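A structural walkthrough
This is what each chain is made of:
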Amino acid sequence: MSFTPDSTDISILDILQEDARLTNKEIAARLNKSVTTIFERIKRLEAEGYIERYIAVLNRNKLGKHLVAYTSVTLKEQSHDWLVAFEEKINTFPEVMECYKMNGQFDYLIKVVVTDMDAYEAFNLNKLSKLDNIYKIRSLFVLAEAKKEVALNLKFK
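All values derive from a computational prediction rather than experimental measurement.

**What about the overall build of the protein?**
- Across its full length, the protein holds five helices and four strands.
- Reading the helices (α) and strands (β) of the protein from amino to carboxyl end gives α-α-α-β-α-β-β-α-β.
- A globule of 157 residues ought to have a C-alpha radius of gyration of about 15 Å, yet the protein, at 20 Å, is considerably larger.
- Structurally, the protein occupies a C-alpha span of about 55 × 40 × 25 Å along its principal axes.
- Evaluated residue by residue, the protein yields a buried proportion of 28% over its 157 residues.
- The contacts of the protein with a sequence gap of at least 6 include a subset with a gap of at least 24, amounting to 62%.
- In the structure as shown, the protein presents an accessible area of about 11,400 Å², 51% of it carried by carbon and sulfur atoms.
- Between the centroid of the 23 positive side chains of the protein and the centroid of its 23 negative side chains there is a distance of 4 Å.

**Here's the deal with the pairing of strand β1 (residues 67-75)**
- Counting buried residues along β1, eight of its nine residues qualify, which places the element largely inside the surrounding structure.
- Pairing analysis gives seven bridges linking β1 to strand β3 (residues 108-114), with the strands arranged antiparallel. Bridging across to β3, L67 finds its partner in V114.
- Inspection of the sheet shows β1 paired to strand β4 (residues 134-141) by seven bridges, in the antiparallel sense. Considered in β4, the bridge of Y70 is made with L140.

**Some words on the pattern of salt bridges**
- Applying the stated criterion across every chain yields a total of ten salt bridges.
- Between E18 and R30 there is a salt bridge; the shortest N-O distance is 3.6 Å. Here R30 lies in helix α2 (residues 24-31) and E18 lies in helix α1 (residues 7-18), a separation of twelve residues in the sequence.
- For E18, a relative accessible area of 61% puts it in the exposed group.
- The class of R30 is partly exposed, set by a relative accessible area of 46%.
- With its nearest N and O atoms 3.9 Å apart, the salt bridge here joins R44 to E48.
- Note on R44: relative accessible area 39%, which makes it partly exposed.
- E48 sits in the partly exposed class, given a relative accessible area of 40%.

**Digging into the nonpolar core**
- Counting 18 residues, the largest nonpolar core has F86, I90, V112, F123 and L128 as its most contacted members.
- Counting residues per element, the ones that place at least two in this core are β1, α4 (80-90), β3 and α5 (117-126).
- Discounting chain neighbours no more than four positions away, the residues touching F123 are F93, E95, V96, I110, V112 and L128.

**Here's the deal with the sheet that holds β1**
- Strand order in this open sheet of four strands is β2-β3-β1-β4, and the pairing throughout is antiparallel. A single partner strand is all that each edge strand has here, and the edge strands are β2 (96-101) and β4. Averaged over all adjacent pairs, the angle separating strand axes in this sheet is 20 degrees, with direction ignored.
- Strands β1, β2, β3 and β4 of the sheet are contacted by α4, whose axis makes an angle of about 165 degrees with β2.

**Some remarks on the packing of aromatic side chains**
- Under the definition given, this model contains five aromatic pairs.
- Among the aromatic residues, those joined into a cluster by ring pairs are F93, Y120, F123 and F141.

Rules of the game
- Residues numbered from 1 in each chain as written.
- Predicted model: local features only at pLDDT ≥ 70, side-chain atom pairs only at ≥ 80, totals over all residues.
- Heavy atoms only, no water.
- Helix = DSSP H or I, 4+ residues; strand = E, 2+ residues; numbered from the N terminus.
- Rg over C-alpha atoms; globule rule 2.2 N^0.38 Å.
- Buried < 20%, exposed > 50% of the residue type's maximum accessible area, 1.4 Å probe, protein only.
- Contact = heavy atoms within 4.5 Å.
- Areas by Shrake-Rupley, 256 points an atom, 1.4 Å probe, with all protein chains shown as cover.
- Lys, Arg positive; Asp, Glu negative; His and termini not counted.
- Charge placed at Lys NZ, Arg CZ, Asp CG, Glu CD.
- Pairing = 2+ DSSP bridges.
- Salt bridge = Lys/Arg side-chain N within 4 Å of Asp/Glu carboxyl O.
- Core = buried A, V, L, I, M, F, W, Y, C linked by side-chain atoms within 4.5 Å.
- Axes fitted to C-alpha atoms, helices over the stretch in contact; angles between N-to-C directions.
- Phe/Tyr/Trp six-rings, centres within 6.5 Å; stacked < 30°, edge-to-face > 60°.

Structural data, given as structure tokens:
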């Protein structure tokens, strides 16, 4: 049987995206529901995979991570084994925050977050460019964040 979140579940998800530290009691008060109802709904949303995990969103600049680069990677070969090998290796690099398999002009788009340009150069020369099967690497560097949102808009279809 397939589970589809109702309007109360969507409201819970919205509230948790805003502040996941709220207690079930606080969420229940906002939604005029019982604490038990909220607890059970959150557990179901977790079990069904709607809530993957809870995290704190950090200020990267305060932590010295001043450079964000979006790097496209084109592989020489795109066979299943080469794609899997690339993904396995890229997941071992702590500088890589996100990695997406793409269609079009390149095979992967990765988001790299490091302290500065020297750190990016070291990452590129000592890690990324040394991977087997790399054909082309192109990077774009973020100058400023015009919009940064981590919460999904659940009211927009």
